[in-house]
Amino acid sequence: MNELFARYPILLVSLVKVAVLLFVLLTSLAYMVWFERKVAAHIQSRIGPYRVGPHGLLQPAADGLKFLMKEDPTPEGADRFVYSLAPFLTLSLAITTIALIPFGPSTIRIFGQDTPLVIANVNVGLLIIFAITSMGVYGVALAGWSSDNKYSLLGGLRSSAQMISYELSLTMSVVGVLLLAGTFNLSDIVRAQDGFSWHFLPRWNLLSPTLPQLLGFFCYFTAAVAETNRLPFDLAEAESELVAGYHTEYASFRFAMFFMGEYAAMITVACLAAILFFGGWLSPFPQVPAFAWTHYLPTAFFAAAGIALVIHGVRYITALGRVVLPAWGLVLCALAFICSRPGVIEVVQGPFWFLMKVFIVLFVYVWVRWTLPRFRYDQLMAIGWKVLLPLTLLNVVLTSLAVVAHK
Amino acid sequence: MVPISYYSTLSAVLFGLGVIGFVFKRNIITIFMAIELMLNAVNLAFVAFSRALGQLQGQVFVFFVIVVAAAEAAVGLGIVILIARNRQSLNVERVNLLKL
Amino acid sequence: MTAQMAIFLVLAAVAIAGAINLILQRHPIHSALSLVVVMAALAGLYLLLDAEFVAAIQIIVYAGAIMVLFIFVIMLLNAGVEERTNMSHIASYAGIPLAALLLLELAYRVARASAPLVAQPTPEGATRQLSLLLFRNFAFPFELTSILILIGMVGALVLAKRDE
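Residues numbered from 1 in each chain as written. Chains lettered and ligands numbered in written order. Predicted model: local features only at pLDDT ≥ 70, side-chain atom pairs only at ≥ 80, totals over all residues.

Caption draft 1: Local environment of the overall build of chain C. Scanning chain C for helices and strands turns up six helices and zero strands. Ordered by position in the sequence, the α and β elements of chain C form the string α-α-α-α-α-α. In terms of C-alpha radius of gyration, chain C reaches 20 Å, well past the compact-globule figure of 15 Å for 164 residues. Across its three principal axes, chain C shows a C-alpha extent of roughly 55 × 55 × 25 Å. Expressed as a percentage of contacts within chain C between residues at least 6 apart in sequence, the contacts between residues at least 24 apart total 51%. (Helix = DSSP H or I, 4+ residues; strand = E, 2+ residues; numbered from the N terminus. Rg over C-alpha atoms; globule rule 2.2 N^0.38 Å. Contact = placed C-beta atoms within 7 Å.)

Caption draft 2: Up close: the packing of helix H2 (residues 9-43) of chain A against helix H3 (residues 59-69) of chain A. Residues and elements named next belong to chain A. Direction vectors running N to C along H2 and H3 enclose 115°, while the axes themselves pass 9 Å from each other. By the angle class used here, H2 and H3 are roughly perpendicular. Helix-helix and strand crossings are classified by hand; for H2 and H3 the assignment is right-handed. Touching Ala 30, Tyr 31, Val 33 and Trp 34 of H2 are Gln 59, Pro 60, Asp 63 and Gly 64, all from H3. Considering only residue class, the contact of H2 with H3 consists of five nonpolar, two polar and one charged. (Axes fitted to C-alpha atoms, helices over the stretch in contact; angles between N-to-C directions. Parallel < 35°, antiparallel > 145°, perpendicular 65-115°, else oblique. Left-handed = near helix turned anticlockwise from the far one by under 90°. Nonpolar A, V, L, I, M, F, W, Y, C, P; charged D, E, K, R; others polar.)

Caption draft 3: Examining the interface of chain C and chain B more closely. Contact residues are listed per partner, giving 67 residues for chain C and 58 residues for chain B. Breaking the side of chain C that touches chain B down by element, the ones donating at least two residues are helix H1 (3-24), helix H2 (28-48), helix H3 (52-77), helix H4 (89-113), helix H5 (126-136) and helix H6 (139-160) of chain C. No other element matches the 11 residues that H3 of chain C contributes to the side of chain C that touches chain B.

Caption draft 4: Quick peek at the interface of chain C and chain A. Taken together, the 14 residues of chain C in the interface contact 19 residues of chain A. Here the side of chain C that touches chain A takes 11 residues from H3 of chain C, the largest share from any one element. Class assignment for the residues of the side of chain C that touches chain A results in 11 nonpolar, two polar and one charged.

Caption draft 5: Up close: the nonpolar core. Core analysis: the largest hydrophobic core is formed by 174 residues, its most contacted members being Ala 270 and Ala 273 of chain A together with Met 67 of chain C. At 19 residues, the largest contribution of residues to this core is made by helix H10 (residues 252-277) of chain A. With residues near it in sequence (within four places) discarded, Ala 273 of chain A still touches Tyr 220, Phe 221, Phe 278 and Val 361 of chain A. (Core = buried A, V, L, I, M, F, W, Y, C linked by C-beta atoms within 7 Å. Buried ≥ 20, exposed ≤ 12 C-beta atoms within 10 Å, placed from the backbone.)

Caption draft 6: Representation of the environment of Trp 293 of chain A. By secondary structure assignment, the location of Trp 293 of chain A is in the loop between H10 and helix H11 (297-313). On a C-alpha basis, the gap between Trp 293 of chain A and Leu 389 of chain A in space is 44 Å, while along the polypeptide they are 96 residues apart.

Caption draft 7: Expanded view of the confidence of the model for chain C. All names here are of chain C. In this model, chain C carries a mean pLDDT of 87, and residues with pLDDT of at least 70 account for 95%. Of all helices and strands in chain C, the one with the weakest mean pLDDT is H4 (84), whereas H2 scores best (94). Across the predicted assembly, pTM comes out at 0.90 and ipTM at 0.92. (pLDDT = per-residue confidence, 0-100.)

Caption draft 8: Here's a closer look at the arrangement of the chains. Pairwise contact counts over the two pairs of chains in contact peak for chains B and C. The two units chain A and chain B never meet; even their closest C-alpha atoms stay 15 Å apart.

Caption draft 9: View of the domain arrangement of chain C. Looking at chain C, the domain boundaries give domain 1 (1-81) and domain 2 (125-164). Just the C-alpha atoms count here: the centres of domain 1 of chain C and domain 2 of chain C sit 23 Å apart. (Domains from an automatic or database assignment.)

Caption draft 10: Structural context of unusual backbone geometry. Residue and element names in this part refer to chain A. Here Ser 45, not a glycine, exhibits a phi torsion of approximately 60°, which is positive. Backbone geometry at His 55 places phi at a positive 55°, although glycine is not the residue there. For His 55, the location among the structural elements is in the loop between H2 and H3. His 55 sits in the buried class, given 20 other C-beta atoms within 10 Å.

Caption draft 11: Expanded view of helix H2 (residues 28-53) of chain B. With 26 residues, H2 of chain B ought to run about 38 Å at 1.5 Å a step, and its terminal C-alpha atoms sit 38 Å apart, in line with that. Most of H2 of chain B is tucked away: 19 of the 26 residues are buried. (Expected span 1.5 Å × (residues − 1).)

Caption draft 12: Up close: the environment of Val 397 of chain A. Residue and element names in this part refer to chain A. Take Val 397: it is sitting in helix H14 (residues 377-406). Residue class for Val 397 comes out exposed when judged on the 11 C-beta atoms lying within 10 Å of it. For the pair Val 397 and Val 175, spaced 222 residues apart in the sequence, the C-alpha separation amounts to 9.9 Å.

Caption draft 13: Structural view of helix H5 (residues 125-146) of chain A. All names here are of chain A. Compared with an ideal rise of 1.5 Å per residue, which puts 22 residues at 32 Å, H5 spans 33 Å between its outermost C-alpha atoms and is within 8% of the ideal. Of all 22 residues in H5, 22 are buried; the element is thus mostly enclosed. Just downstream of H5, Asp 148 is the residue with a positive phi angle, here 60°.

Here it is as structure tokens:
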């Protein structure tokens, strides 16, 4: 084993990156649930989880324990192999796409090897991400069929038909970005958005000087919301329709896998939106010496968050909160200090801006879910085929005309 | 470096397995899937030979084969649905009205 | 044993196992899932042959759309396990070894005939060159295939419609 790593040091480096990313991803999946419940609650003028741990922060742990301990029945007439395969497929495919997302431009040293901040820098990275998300349809269809339940089958068929229809619009809405960048490589697409028009407007694809990809972003976001089966397009799995659709017969850990798969797909789509339309890891401030103070923004952000947490925590209601919250505040302040050290400050710029953009897109995702009403299924399919697809084709035509005119 | 003959041998084996599935299975949809397996084996041969000759025409032809397979699958499955509706069975031995 | 050879052997074994499973399984859904496994293994082999675009297209179109169509039709028609055959035992005892012999003969001949071939290095920017080939030299077949897909769509719709 050691000589395998000695001959192919990239294996060890990739393993370390995969382990770190997997840990971060699974934690953020769990806390995505907490975030959604809190935001939903505040939109609906209530508080949300606040009993389990300070501000409900231990709620994901409680949910995880519940999922692990619940009874896991299998329906009698269900096809056992396919019934177990479906949630596993959904979760593993959704998590795999994160391997292709670049988090920053710089290279870091792991075990003496210089390696970029991405696990797999494939030349056709964007196409592979779409390939993996298109395989996600299997999880839904097979789950619905193997549950031996008419409502599940109907829900599964409806869900997968919806996913296939919106996959077309999703892929076509990105063609405008591809025309502007000229490559499928995600890192190169971000680098093509470098620079500033008129010295202050960043040249992100949303505000591109050739043709602002506003129509493309709108189509992409709508198709992505439909692709991940979220409101306003979630008729096939909503609680009040079809008895929760394709995951009716799933309990405890398998249901948790579906849940996590859905949030992982959301995170993937948000990361892609940030890379394709919002300039990925590029800072919104020009990189001129006059703006060198913006390099300290991550430090300032973490320091402000840490100090606010400390001040709020020492006056919290429960004793546990009075200990835990200031402790986390101090951790954030330490992180802020680390981010201002000269070796770390360049490396942390890219991922900081990238994660900020992803966070904003996720917030809009949750915001849209708890604001808009649901579409009926025939309205949903009509929008997918009769509205979004022609809009994306129009976007492709306009962008190609703009690119040719710009040359 | 993997020799190209390994890829074409694998393609031949998959093609042969597709032929075996086509001949021995009785469910129409499974027969159809054996046909798709044969098409995939041929695609592998095309890509392998395209790499062997250093040209990209092989990959262009793979593109066309995939497109034709898609159209054929759509129409073929439509016919399968009609057969299932008319004969109430997916067994190819029951589609025997034209037999002597 | 280089890394490439090891990956090739693993993917080839998965592909052959999937193909054999397609033949041996009795429920069409399991056969369909085995075929998806074969297609995924083939996509891996295409990546090994430096044909990245073809690999992505294989997964998106073949494994992600055509096989989903198959699975939809199997679910729609509620296909069950295959019935017991009334094929005579002599036919199966003679037929299966003959089929295996055909397979081995085919594989041997192809291996012998393609033995002298050697892999050429792939050009840089293969996707770009592929698209130039497709849209310049092969533009007419490209348009023809789009009409073919339109015909297929219309045909499938007409065939599968219920008579109202």
